[in-house]
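Architecture and fold: a report
Residues per chain, in single letters:
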Amino acid sequence: MYVIDITRDYGSTDMLCGVDSMDAKSKTINYIMDYALANYNLSLDREVLDQNLNIDKFSLNNFLKENYSITIDNDLLIQSIPTDKKHCLFLKYMDSKSDFPTIYTFHKREINKAKSLLKFLVNDALIDIYQDNLSEYEKLKIKDNAGIIDTVYPKLNIACKIVSLYNGGMFLEELLNNTCSLKQLECYNSQ
């Protein structure tokens, strides 16, 4: 199974699931084509996209520059994570120093480990910034795990998100069996 992580703008996340790499690539191509048409009024050539799409790491901005000589304001960053149905809890961490987010995979029951790692990453970033001002660090540091599931720290230029695709097993099955993304499923389920 492959999970495709999609970062739109800074910190906004979407995910796709593919049964295998071919399914994941097909769903990703459809997503990119829809995104480019809806956001930039660009109709991309499917074959050119298929030849140039590396689902391990892909930047829409780089692809458009190289193949169409077009520059866009907000990039679409895509990366894939091979996983299985038991390891479907993800921590996504992005800071301004890296081009792509870092994705950590956990067992579906390891939410406390994911929260602890998120807490460590945020506090580590705070230490880097406030190492000469420990009183400011003490005010800002995360002391407990409550309320940090989905957090953006603009002052630190980092974004963190914990995403579980498990939800009793049904959410993951829906993602695997459909061509829709996590955001689309969440919208359908909230209506």
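Everything below is about the structure shown above.
To keep things clear, this report deals only with the structure shown in the data block. (Residues numbered from 1 in each chain as written. Predicted model: local features only at pLDDT ≥ 70, side-chain atom pairs only at ≥ 80, totals over all residues. Heavy atoms only, no water.)

Topic: the pairing of strand β5 (residues 89–95)
Rule in force here: The buried label goes to any residue with under 20% of its type's maximum accessible area, the exposed label to any with over 50%, and the partly exposed label to all in between, with areas taken from a 1.4 Å probe on protein chains only. Labels follow the DSSP assignment, with helices taken as runs of H or I lasting at least four residues and strands as runs of E lasting at least two, numbered in each case from the N terminus. Two strands pair under a simple rule: DSSP has to find at least two bridges between them.
With respect to burial, β5 is a largely interior element, seven of its seven residues being buried. Every second residue of β5 is oriented toward a common face, with L89, L91, Y93 and D95 on one face and F90, K92 and M94 on the other, all of them buried. Note that β5 and strand β6 (residues 102–106) share five bridges and pair antiparallel. The partner of F90 across the bridge, within β6, is T105. Sheet topology note: the β5/strand β8 (residues 158–164) ladder contains seven bridges and is antiparallel. Following the sheet pairing, F90 is matched in β8 by V163.

Some points on the side chain of Q79
Quick note on the threshold: Under this definition, polar contacts are N or O atom pairs within 3.5 Å; protein pairs additionally need one hydrogen-donor-capable and one acceptor-capable atom, and for neighbouring residues in sequence, both atoms have to be side-chain atoms. The contact rule is simple, with two residues in contact once any of their heavy atoms fall within 4.5 Å.
By the secondary structure assignment, Q79 is in strand β4 (residues 76–82). Since its relative accessible area comes to 8%, Q79 is described here as buried. In this structure the side chain of Q79 is engaged in a polar contact, spanning 2.9 Å, whose partner is the backbone oxygen of P101. Sequence-distant contacts of Q79, defined by excluding residues within four places in its chain, comprise V3, I4, D5, I55, D56, K57, F100, P101 and I103.

Points about the side chain of N123
Tracing the backbone shows N123 in helix α4 (residues 111–130). With a relative accessible area of 10%, N123 lands in the buried category. Once you skip the residues sitting within four places of it in the chain, N123 turns out to touch Y137, K141 and I142.

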